[in-house]
Amino acid sequence: MAAIVPFSTTQVAYRASHRSCDLQIAPTAAGRGTVAIDTTPASEMLLAAGTDRRARADDDLPGGGTAPLSRRGFQGDVYLPAGQRAGSRMWLLVRANSTEQTRLNALSYAAESMAALEARHNVSVDIAAQYVRPGMIGITYAVNGTRVATAVTPS
């Protein structure tokens, strides 16, 4: 049985108004602050779910883009072993119709984005995806009592 690797990464917080994550700074006695460390899976889940993963060659790109940069992707992938990718292909759903197939694709992309985290920490992330209102899929990720929620809005 593999050992569970403890969570420890820089802490980020999701800002729904900007659809982005901000690095968190912990106050210090000197008044300057220091980068906060998160020992829960929350920050890693937010980064995995919110980083754009490079599209595969067989993916239909929104807007039918064909230029190399239209496949997006995380620049940090160059540091990963050959063939590995970080992040989520959820961005591919931005122009998808609000159908059951789109919800299933969102669920698949969410699971794909958490695979490296699951392998690295020997945990299983529970993922759910459902339409929370017309045109918005709510996705929840849960592991070890920590829950993170994100949303995707197919058109």
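Here the structure is shown first, and the text comes after it.
Residues numbered from 1 in each chain as written. Predicted model: local features only at pLDDT ≥ 70, side-chain atom pairs only at ≥ 80, totals over all residues. Heavy atoms only, no water.

*Asks:* What exactly am I supposed to notice about unusual backbone geometry here?
*Replies:* Across residues other than glycine, the phi torsion is negative in most instances, and most of the peptide bonds are trans. Despite not being glycine, asparagine 122 has its phi angle at roughly 55 degrees, a positive value. A residue is classified by how much of its surface remains accessible, and asparagine 122, at 33% relative accessible area, is partly exposed. Located in the positive-phi region is asparagine 144, a residue other than glycine, with phi close to 50 degrees. Here asparagine 144 lies in the loop between strand S8 (136-143) and strand S9 (146-152). Residue class for asparagine 144 comes out exposed when judged on its relative accessible area of 60%. (Buried < 20%, exposed > 50% of the residue type's maximum accessible area, 1.4 Å probe, protein only. Helix = DSSP H or I, 4+ residues; strand = E, 2+ residues; numbered from the N terminus.)

*Asks:* Where do I start with the nonpolar core in this structure?
*Replies:* It is characteristic of soluble globular proteins that their nonpolar side chains tend to be buried jointly. Met45, Met90, Leu93, Met114, Val125, Ile139 and Tyr141 are the most contacted members of the largest nonpolar core, which has 28 residues in total. Put simply, the parts of the chain that give this core at least two residues each are helix H1 (42-50), helix H2 (100-121), S8 and S9. Residues contacting methionine 90, with those up to four places away along its chain left out, are Ala106, Tyr109, Ala110, Ile139, Tyr141 and Val152. (Core = buried A, V, L, I, M, F, W, Y, C linked by side-chain atoms within 4.5 Å. Contact = heavy atoms within 4.5 Å.)

*Asks:* Help me understand the sheet that holds S8, please; the structure alone is not making it clear to me.
*Replies:* Strand order in this open sheet of three strands is S7-S8-S9, and the pairing throughout is antiparallel. Edge positions in the sheet fall to strand S7 (126-133) and S9, since each has one partner strand and no second. For this sheet, the mean angle separating the axes of adjacent strands, direction not counted, is 20 degrees. Here seven bridges tie S8 to S9, and the two strands are oriented antiparallel to one another. For isoleucine 137, the partnering residue across the bridge sits in S9 and is valine 152. The strands that H2 touches are S7 and S8; relative to S7, the one it contacts most, it runs at about 145 degrees. (Pairing = 2+ DSSP bridges. Axes fitted to C-alpha atoms, helices over the stretch in contact; angles between N-to-C directions.)

*Asks:* Which parts of the structure should I look at to understand the pattern of salt bridges?
*Replies:* Opposite charge on two side chains allows them to pair when their charged atoms are near. Under the defined criterion, the tally for this structure stands at nine salt bridges. As a salt-bridge pair, aspartate 52 and arginine 72 come within 2.8 Å of each other at their nearest N and O atoms. Of this pair, aspartate 52 sits in the loop between H1 and H2 while arginine 72 sits in the loop between H1 and H2, and the two are 20 residues apart along the sequence. Note that aspartate 58 is salt-bridged to arginine 56, the shortest N-O span being 3.2 Å. Residue class for aspartate 58 comes out exposed when judged on its relative accessible area of 56%. Each of Arg53, Asp59, Arg89 and Glu112 takes part in a single network of salt bridges with overlapping partners. (Salt bridge = Lys/Arg side-chain N within 4 Å of Asp/Glu carboxyl O.)

*Asks:* Any chance you could explain the side chain of arginine 103 here in plain terms?
*Replies:* As for its placement among the helices and strands, arginine 103 is situated in helix H2. The contact partners of arginine 103, leaving out residues within four places of it in the chain, are Ala129, Gln130, Tyr131 and Ile137.

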